[in-house]
Amino acid sequence: MSSSLSFRLSRGVLSTISPPIPHAKSWGVGYKPTKTRPLLDMSQGVPGTPPSKVLLDALSQSSSSPGSSGYCHVLGEHTLRSAFAEEMKTVYGPDIDVTQDDIAITAGCNMAFVATVMCLADPGDEIILPVPWYFNHQMSLNLLSIKTVPLYTRAIEGFLPSTIDCEKLINPRTKAIALVTPNNPTGAIYSPDLVSKFAELAQKHKIALVLDETYRDFVDIMPPHTLFSPFQTEVSKSSWSWRFNVIHLFSFSKSYSFPGHRLGLIAASPDLLKHVTTTLDCLQICAPRPPQLALASPGLLPILRQSIQASAQSLEIRHNIFRTHLPPGWTIGSQGGYFAFVRHPFVGIPAITLCQRLAEELGVLALPMQFFCDDSVGSELESLGQSKMDWERWIRFSVANVSDDMVKQVCGRLHECEQHLGLTAE
């Protein structure tokens, strides 16, 4: 493509994929919606409900305060850091060893990831990501010239990563393992035991375990893990502390249904946060103040916990509806959090081809496997007993951001694939 620019762009940005969400949404432009057949968007992981009124009121009040227009501390409002250390006890248990000094507030969880890995790795160093991966993690590493090392998962095992496979990938240039649980894109929920095994593996090799728990409030298993507990026994060394090598990331966007306000969180040793202060000062100065001040309103977080639980229950119902109404032949490989990862039944048709046709002809937006892995995938899959042809048939459906009725409509349109798209199921 020709360019009017008279200067050269960086190799990092030129070698990084274009953002997948706008790519997928461009497919939907060709669809002609009607009143009875609207465009059904299950492409992006966004909350399906607005923030609760009590949060909106708090946001209105904090936004109108002249004091909220100034800077705050690089690591965030002291009041929110303190309040959220307490809030974490409702998720991980009342005895967890997490304090306000372990917490940094960022402008979104992607910012939390970037600020963290900038502290961990230099150009040419390596970070291990399970595949399918969250594309923004891989994109960020590529922009920083940090090598992404793929840890392939198996569909037959529900796309859960293996510590045995992971250890084979660790070498002197490895700086971290980065996990997302519940997973994006697969929805796979990593058990507390699996999380502990990865923490132990990271400690054994003196590397960091970056644990992105953006969707932690939308699981049945509580606590999601026991790493924060001073009484945990899963990691073998009795003197081990999570602060030695665990870096927890969180997004306020999903739990509190306000992604546009851009708040994320890092929980890590204060020894690391000293350096995170440096990266954040260059990247954001500080996270947006009005949402921080709103969430820190006295007594608000416990009230919002009730709406979070209600959202989780509604999402569980929606997952059940999707599972019940999915057409025969469409196979769910894993499901949880915001997502269901589904293999379509049309042999020889790459998911990226089918997803484009679904958007343009049937008005259904979803994301193909090809957005969550490297183009060169092939021989590694075969060594794990998986064929590339089957691997390329997986599709991510975001169950969270549509209504129950729209989930049924999506499944109804998937029923139409053979008739309207001229495809034959296996």
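Refer to the preceding data block for the structure.
Cut-offs used in this document
- Residues numbered from 1 in each chain as written.
- Predicted model: local features only at pLDDT ≥ 70, side-chain atom pairs only at ≥ 80, totals over all residues.
- Heavy atoms only, no water.
- Axes fitted to C-alpha atoms, helices over the stretch in contact; angles between N-to-C directions.
- Helix = DSSP H or I, 4+ residues; strand = E, 2+ residues; numbered from the N terminus.
- Contact = heavy atoms within 4.5 Å.
- Nonpolar A, V, L, I, M, F, W, Y, C, P; charged D, E, K, R; others polar.
- Buried < 20%, exposed > 50% of the residue type's maximum accessible area, 1.4 Å probe, protein only.
- Pairing = 2+ DSSP bridges.

Novice: Hey, could you go over the packing of helix 3 (residues 53–63) against helix 13 (residues 300–325) for me, with residue numbers and the actual values?
Specialist: It is the contact of helix 3 with helix 13, at a shortest axis distance of 9 Å, that shows an interaxial angle of 140°. Contacts between helix 3 and helix 13 involve Val54, Leu55 and Ala58 on the former and, on the latter, Leu300, Ile303 and Leu304. Split by residue class, the contact of helix 3 with helix 13 holds six nonpolar, no polar and no charged.

Novice: Which residues make up the side chain of serine 62, and what values go with them?
Specialist: Mapped onto the elements, serine 62 comes out in helix 3. Given the relative accessible area of 7%, serine 62 is considered buried. With residues up to four places along the chain from it excluded, the contact list for serine 62 reads Ser68, Pro290, Leu293 and Ala294.

Novice: Explain the sheet that holds strand 13 (residues 394–398) residue by residue, including any values.
Specialist: Judged by pairing direction, the sheet is antiparallel, and its four strands sit side by side in the order 9-10-13-12 without closing on themselves. Either end of the sheet is taken by a strand with one partner, and the two such strands are strand 9 (331–336) and strand 12 (367–368). Across two bridges, strand 12 lies against strand 13 in antiparallel orientation. Counterpart to leucine 367 in the pairing with strand 13 is arginine 396.

Novice: So, the sheet that holds strand 7 (residues 246–251): which residues are in play, and what are the values?
Specialist: One open sheet holds the seven strands; their spatial order is 2-8-7-6-5-3-4, and the pairing between them is mixed. Looking at the sheet topology across the chains shown, the edges are occupied by strand 2 (103–106) and strand 4 (147–152). When the angles between neighbouring strand axes are averaged without regard to direction, this sheet yields 25°. Across three bridges, the pairing between strand 3 (residues 126–131) and strand 5 (residues 174–180) is parallel. By the bridge assignment for strand 5, isoleucine 128 is matched with isoleucine 177.

Novice: Residues and numbers for unusual backbone geometry, please.
Specialist: Here the residue pair threonine 181 and proline 182 is connected by a cis peptide bond, since its omega of -10° sits within 30 degrees of zero. Positionally, proline 182 belongs in the loop between strand 5 and helix 9 (192–204). For the bond running from asparagine 184 to proline 185, omega is 25°, close enough to zero to count as cis. As for its position among the elements, proline 185 is in the loop between strand 5 and helix 9. At lysine 206, a residue that is not glycine, the phi angle is positive and equals roughly 55°. By the secondary structure assignment, lysine 206 is in the loop between helix 9 and strand 6 (208–212). Relative accessible area serves as the criterion here: at 73%, lysine 206 is assigned to the exposed category. The phi dihedral of arginine 262 is positive, around 50°, even though this residue is not glycine.

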